[in-house]
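# Chains, contacts and geometry: an overview
Below are the chains, spelled out letter by letter.
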Amino acid sequence: DDDFSDHCYTWSINLCAEDLEVIVTTKGIIGLSFDERIMGSQASSAQISAWEGILMIYIQLKKMLEDLEQRLPGRAHELWSCLCIGTDFDGLIDPIDPFSTADDFPTFKKLLLDL
């Protein structure tokens, strides 16, 4: 049993299980934010590695899938059709260091698939 509390943003901006259920059942959209703080980075000013960035994203996805499986047994896979990437690359966020521009998405995809 994983404890995700150390890997999630501590303020109430994250989606709760009920939010996920409503979004999936209504075929809505969830923007997966690439902001280091929102993804739960505990890093100081030092850059995080690509694998640490992927791990932060993986933990968020895993937690959403687990919450959905509890609320909608057998339907958690429907999450994949509701996800989009919320990068907000206009300078208002602190993106995950190794994926700070859209040019880094091929590396992001490869590392995520390699998990």
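Refer to the preceding data block for the structure.
## Some thoughts on the packing of aromatic side chains
Within this structure, the stated rule accounts for four aromatic pairs. When the centroid spacing of 5.2 Å and the interplanar angle of 65 degrees are considered together, the rings of Phe34 and Phe108 count as edge-to-face. One end of the pair, Phe34, is in the loop between β1 (30-33) and α2 (50-71); the other, Phe108, is in helix α3 (residues 105-114), and 74 residues separate them in sequence. Note on Phe34: relative accessible area 0%, which makes it buried. Overall, Phe108 belongs to the buried group, its relative accessible area being 8%. Centroid distance Phe105 to Phe108: 6.2 Å. Interplanar angle 50 degrees. Geometry classified as tilted. Of this pair, Phe105 and Phe108 both sit in helix α3, three residues apart, which is roughly one turn of that helix. Every member of this aromatic cluster is reached through a ring pair, and the members are Phe34, Phe99, Phe105 and Phe108.

Rules used throughout
- Sequence order as written defines the numbering, with residues in each chain counted from 1.
- Confidence filtering applies because this is a predicted model: local features only for residues at pLDDT of at least 70, side-chain atom pairs given and counted only at 80 or more, and all residues used for totals across whole chains, interfaces and linings.
- Only hydrogens and water are set aside when side-chain values are computed; all heavy atoms of the structure are taken into account.
- For Phe, Tyr and Trp, where Trp contributes only its six-membered ring, two rings pair if their centres lie within 6.5 Å, and the inter-plane angle classes them as stacked under 30 degrees, edge-to-face over 60, or tilted in between.
- Helix and strand assignments come from DSSP, with helices taken as H or I runs of at least 4 residues and strands as E runs of at least 2, each series counted from the N terminus.
- Partly exposed residues are those whose accessible area sits between 20% and 50% of the maximum for their type, while under 20% is buried and over 50% is exposed, using a 1.4 Å probe and protein chains only.

All quantities given are derived from atomic positions and should not be read as evidence of function.
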